[in-house]
Structure formats: C-alpha cells, structure tokens
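A structural walkthrough
Here is how the chains run, residue by residue.
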Amino acid sequence: MKMAATASRPSTATGSAASAAGLASGKASAMAQAPSLKQRWRGAGNLAPALLFLGLFFLAPLIGLLLRGVLEPVPGLGNYEQLFANSAYARVLFNTFSVAGLVTVFSLLLGFPLAWAITLVPRGWGRWILNIVLLSMWTSLLARTYSWLVLLQASGVINKALMAMGIIDQPLEMVHNLTGVVIGMSYIMIPFIVLPLQATMQAIDPMILQAGSICGASPWTNFFRVFLPLCRPGLASGGLMVFVMSLGYYVTPALLGGAQNMMLPEFIIQQVQSFLNWGLASAGAALLIVITLVLFYVYLKLQPESPVGASNAR
Amino acid sequence: MVLNKAATAIFFAGLLSVTGQAAMAAESVNFVSWGGSTQDAQKQAWADPFSKASGITVVQDGPTDYGKLKAMVESGNVQWDVVDVEADFALRAAAEGLLEPLDFKQIQRDKIDPRFVSDHGVGSFFFSFVLGYNEGKLGANKPQDWSALFDTKSFPGKRALYKWPSPGVLELALLADGVAADKLYPLDLDRAFKKLDTIKKDIVWWGGGAQSQQLLASGEASMGQFWNGRIHALQEDGAPVGVSWKQNLVMADILVVPKGSKNKDAAMKFLASASSAKGQADFSNLTAYAPVNIDSVARLDSTLAPNLPTAYAKDQITLDFAYWAKNGPAIATRWNEWLVK
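Positions within a chain are numbered from 1, following the residues in the order the chain's sequence is written. In the order they appear in the text, chains get letters beginning with A and ligands get numbers beginning with 1. For a predicted model such as this one, the threshold for reporting local features is a pLDDT of at least 70, and the threshold for listing and counting side-chain atom pairs is 80 or more; totals across whole chains, interfaces and linings nevertheless cover every residue.

With respect to the overall build of chain A
Spelled out, the test is: Here a strand is any run of E in DSSP of at least two residues, a helix any run of H or I of at least four, and the numbering for each starts at the N terminus. A residue pair is marked as a contact if its C-beta atoms, positioned from the backbone, fall within 7 Å.
Along the backbone of chain A there are 16 helices and zero strands. Here the analysis covers contacts within chain A between residues at least 6 apart in sequence; of these, 74% occur between residues at least 24 apart.

Description of the environment of B:K262
As a reminder, the rule being used: Comment: burial labels come from other C-beta atoms within 10 Å of the residue's own C-beta, placed from the backbone, where a count of 20 or more is buried, 12 or fewer is exposed, and between is partly exposed.
Looking at where B:K262 falls in the secondary structure, it is placed in the loop between β9 (241-256) and α10 (264-274). Note on B:K262: 18 C-beta atoms within 10 Å, which makes it partly exposed.

Regarding the UniProt feature "transmembrane region" (unreviewed entry) in chain A
Residues and elements named next belong to chain A. So the rule is basically this: UniProt positions are given in the numbering used here, feature names are shortened, and annotations may be inferred rather than shown by experiment.
What UniProt calls "transmembrane region" (unreviewed entry) maps, in this numbering, to residues 48-71, 92-119, 125-143, 150-168, 174-195, 207-228, 234-257 and 278-300. Secondary structure within residues 150-168 divides into 58% helix and 0% strand; the distance between the first and last C-alpha atoms comes to 19 Å. For residues 207-228, the helix share is 82%, the strand share is 0%, and the end-to-end C-alpha distance is 15 Å.

Details of the confidence of the model for chain B
Residue and element names in this part refer to chain B. Our working definition: A residue's pLDDT is the confidence the predictor assigns to it, expressed on a 0 to 100 scale.
Confidence in the prediction of chain B, expressed as mean pLDDT, is 90, and 93% of residues score 70 or more. Segment residues 16-25 is flagged for pLDDT under 50; beyond a separation of four residues in sequence, or across chains, it makes five contacts in the model. What the predictor reports for the complex is a pTM of 0.76 with an ipTM of 0.72.

Thoughts on the interface of chain B and chain A
Applicable threshold: By the convention adopted, Pro, Cys, Tyr, Trp, Phe, Met, Ile, Leu, Val and Ala count as nonpolar, Lys, Arg, Asp and Glu as charged, and the other residues, Gly among them, as polar.
Counting residues at the interface gives 29 residues for chain B and 32 residues for chain A. Of all the elements in the fold, those that place two or more residues in the side of chain B that touches chain A are α1 (2-20), α3 (66-75), β7 (203-206) and α12 (321-340) of chain B. Taken together, the residues of the side of chain B that touches chain A break down into 15 nonpolar, eight polar and six charged.

Let's talk about the confidence of the model for chain A
Atomic detail in the predicted coordinates should be set aside for any region of low pLDDT. All names here are of chain A. Summing up the model confidence of chain A, the mean pLDDT is 81 and the portion of residues at 70 or higher is 85%. Here helix α16 (residues 307-313) stands out as the least confident element of chain A, with mean pLDDT 38; helix α10 (residues 178-203) is the most confident, with 92. Note on residues 1-32: pLDDT is under 50 here. Beyond four places in sequence and across chains, it has 32 contacts.

Side note on the pairing of strand β5 (residues 121-134) of chain B
Regular strands place side chains that alternate from one sheet face to the opposite one. Residue and element names in this part refer to chain B. We apply this condition: The criterion for strand pairing is that DSSP finds at least two bridges linking the strands in question.
In terms of residue burial, β5 counts as a mostly covered element, since 14 of its 14 residues are buried. Of the pairings in the sheet, the one linking strand β4 (residues 117-118) to β5 comprises two bridges and is antiparallel in character. Bridging across to β5, S118 finds its partner in G121. Between β4 and β5, which follow one another and run antiparallel, lie two residues. Bridge count for β5 against strand β8 (residues 221-227) is five bridges, and the pairing is antiparallel. Note that in β8 the partner of L131 across the bridge is Q225.

Topic: the domain arrangement of chain B
Residues and elements named next belong to chain B. To keep it simple, the criterion reads: As annotated, the domain borders come from an automatic or database domain assignment.
Per the domain assignment, the segments of chain B are domain 1 (2-126 + 252-312) and domain 2 (129-251 + 316-340). One C-alpha centre belongs to domain 1, the other to domain 2; they are set 27 Å apart. Across the contact, 15 residues belong to domain 1 and 16 residues belong to domain 2. The greatest single-element share of the side of domain 1 that touches domain 2, amounting to five residues, is contributed by helix α4 (residues 87-95).

In structure tokens form, the structure reads like this:
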C-alpha cells in the first residue's frame, strides 16, 4: 500500500514540473500551512546529483529529439501535418493504444489470481512462486517471444495437440495477428502486475475481511465491496505501468504480430533506421509522449487516496 | 523505449568523442556489418588476411544501424570506418552527404560489376530474392515463378514475404501480374498493391533471415520470397525445401565509408582488399552469396557455384536501387497505408 502510494507522489512533485507541481503546491498551500511546505522541501538539495544526471542524460537529449520534430527537414509543423493528414498513421496510433489496453486488461485478469494465490499460500511457498515469476523476467525477452512462436504457430505444439485430440480440424491462427501480440505481451507483462499487487494484498489486514463477514457480508459482497477496493492502488499502479510499457513495446509485436497490427514504435523505428526521416519519427514519438502524459494525468486525478487514509478518515 | 535508445545513441556519440581521441596509436579500421554468420565470414575472408598482410587491425563492430551512422556523421564524431549497408540506402546516404567518396586509385573499379559500384560505395556481396517452397507442404506440385504466390488454389498455404518497404515485394507482384521485366520502373504502385490485395490475408511477413527460415522449414508458410543464401543453408541442413530461380530479383549489400571517418586511408585499403577477386571469392565460398568482382567467378567452389545468383544471370532482374533511393520514403508511406488498411 505504501509502495503504491509513494509511487505516484514523487512524480507529481518532480515529474512534469511545470503543470503538475504547480497544481500540487497550490493544493498543498490551500490545505496546509506554509511551514509544512517548507518541511516538505527540506533536504531537496540532496536530490541535485540525481536531478542533474537525469537532466543531462535524459531530459536534454529528449528535448533535443523532440525539437527535431519541428525543425527537420524544414522548420514548421509539416511533420505533424503529415501525421494527422494520413489515415494510416491514425490507424497505427489506434493499434498502439488498443493493443496496450488489451494487454493491460488481460494481464490484470491473469495477474490478480496469481498475486492472490501468492498471498494466500503459506509464506515459504509464496516466496517460491514469487521467485518463479521473477525468474521469467530474467530470461531473454527474445527467447521468450520465440518460444511463444513455437507454441502458437500453425504447426506448433498447441495446434498439433488440439488437432490430435480432434477438437479442431483446421489449425487456429494464433500468431502473426492481434491474438499473438496480446498473448505474448500479456505473458511478459504479468510480473509487473503481480509485484505491486501482491505487495498491496500482503498489506491488507485479514481482520478487515473477517469483520466484513461478521457484519453479514456474503463472500461475494466481501470480495467485491471490501477486498477489491482495498486492492485498487495495486491494480491501478500495476495497470498503469503495464499500459505505459506496452505503448513502447517493439520486439514482441514485431515477431508475433502481423504487419497490419503495426504499432507506433515500429513506425518510429522504420522512419529512424530505414529512411533517416528523424523529423517525422520525432513527431510520432512526441505524440506518443503527449498522449501518455495526458493519460497519466487522468490516472492521477482518478486515483483515490490510499485505502489506509480513506478508511482512517471514515 | 525507442526514443530513449536514439537519444542515448546521440549522447554516447558525444561522450565517445572525448574518450575516443586518446586511443589512436596503431592503424586500425572499424568494420561494421549485420552480425551473425555473414559478419563471421567477412572477418574470415577479408579482415583476417588483410590484417596479416598490411598490419592494420580490423575491429569488428555492429550491427549496422542507419540511425547511428547518421548521428555519428552529424555529431562530427565518426567511430565507424567501413559499414555494410543495403544498396538503396548507400545511394540515399550518398545523396544526403553522409558518405566519403571512395578512392578508386586503390579500389579497382573496372573489375567490379557496374551494377554494384558507385562513387560512394563498392559492393560487399549480392544476392537474389528467390521463390522458396516447402516440398512437404506442396508435394509434387512445384511452383515455377512469382505468379504461383498469387495462385492460392493450386498452391495452398501462407506466403512469407519480406516485411520492410524495400526493393522486392512490389516488383514480384508486378511481375506476377504480367508486367515485363524491362517495364517495371517506375513502379505502378496502384497495380502492385491491387495484386497484393488478392493474397493479403495469406501473407506472413518476415523481418530477418532466421525468421524466414523458421517460417519455411516449419511449414508455417508453404512458399515465399527468400534470400538465396538462407534457402541454400536450409537445403544444406536437409530441410525439404525447394527453390525456383525464375525471375530472381537481385539485391546487394554495399560497403561505404561514413563522412569524417578517422581512418579513411586504411578504410580504402581495406575496401580494395575486400572487393578484390580473392576477397570476394573467399567470402562467397563461405556464405553462398555472390561476388561483385567479375574475376571471382572462376575462383568459386565448383559444388557451390550452381547455388549462386551468378549461375542464374539469364533469368535475372536487378532491382533498381537508384529508383528506391529516391522514392523509398514516398513508397513507404503508401506501403504503411496499405498494410494497416
């Protein structure tokens, strides 16, 4: 719970300094007195090395790159015009967000029971399962993606088994299309859901659930009205992380997807590497960043206070 | 993620300029290629003998990244001396002023097949897109030419095609549609895409050689367009794979020197050696890609020679690199539109 709460806080303070920090400090001064604000910033000087590093090696190149979008090949908004005028790019953008959305939904659906199981089994077992989840993250991404190819393709293990059992007589088309991308990416993203979610679940006091049933809640009500709301911070932070990561994914969609499922990263790579059209690529990248930031802002607005704070208030 | 990569590439190029200047003692050449078995062969056939004869060290680096090349030239800090690039890119990069003109006092231009040499680049090797098919999938019914790809009745199964908007796919669609080989350019894009529309749902796209081999050998695709060297490698491994060389489409890799290379002289010497009759023949014998030096053919391994594009010059169509260098970006826009439609 702590983890999820702190994960969103610093980003309001330092992240998009201009807009979000202004908002946050405005809110803070309205709610609390000036001393607490001062207290809040005490020791901020210690952040300088990290900020300098980020500014120099992340922000500066990023800004330089984004500038190309309006400076190359000729100064102006020509690149953006090209992006918006062409329906194909709108389609690519749509693909990017729908794949990211689908992957987020599926990895939440699959990650939730897994995280729950880890919390419920005896402590030693839980650690083992968690280790297995982590272990999958250490294996090369390319190797894991190729293994899905072996499993899912028309002459692959799954299709052969299903056909041998007589369940299907035509191989199912599970790769080189949207299905393949969503399967492969959900699998890769599940650990990013399980980790924050498991931390959230671990911190939920079992007494609360007990109290719920004592007060007469059926198991279903208890789950939907008590447990699930308590998990919300973990679900939200995990979901957001997966969604944002999926937006920038390249290898898995390139291998498991069909060309018609082209996502924005692939388009950017094509422009950067094959055509040296950095202006257009940077315009595409800027678009992705802006939309992501907007979504992030919406998320911060919707994200309720941590459940501890909320229940305390009640 | 992609963005970060490009950004750090630019930044590291900057950082390296500080550190790079310190280490410049003995003469050396940084050679950049695509990695894998191709670069291994380039090292064995060109770099090792060259170092032994000239005392110039050849440092292997890679893989080739056009974005990086451009970033290096723009930042004025060029770490690469010889780069293996695709033929249409070589011409495009030359037009953008990213390449050094070659020194043809050292490189024997008259010995190089004129299709594969220009002021700013000399052939690395050439290869053909050929029609490959899985014999297990198609049985006795052997496809003859590109039109077979569009005949899903007689030849069922998926078609494996090269996914990038680069020379090859559009040409084979037009050839299959009955366009004469000498009337291909300028490409009739409408006609090509219309032809491709007829099999769009049957296409699986491959992005690299290993992936193409996996598709064909596993039978995931029954036939498709492949690099001839990859088909040869599959056949060597005993995979049930057949090939038709009819209307084979020639594409090439070109060696270029980025503008501002720090070891230009050594690079030219290396190019002279790599494009020599011996260098080219040795490389071909290791890879089943074809030599660009016209004197190399006599030096080819007699068992290998029938599997090289040089043996199928008669029914061969050379893709127009210059046309693609000029129109590539515009074609790519159309290509992307068609793909996601």
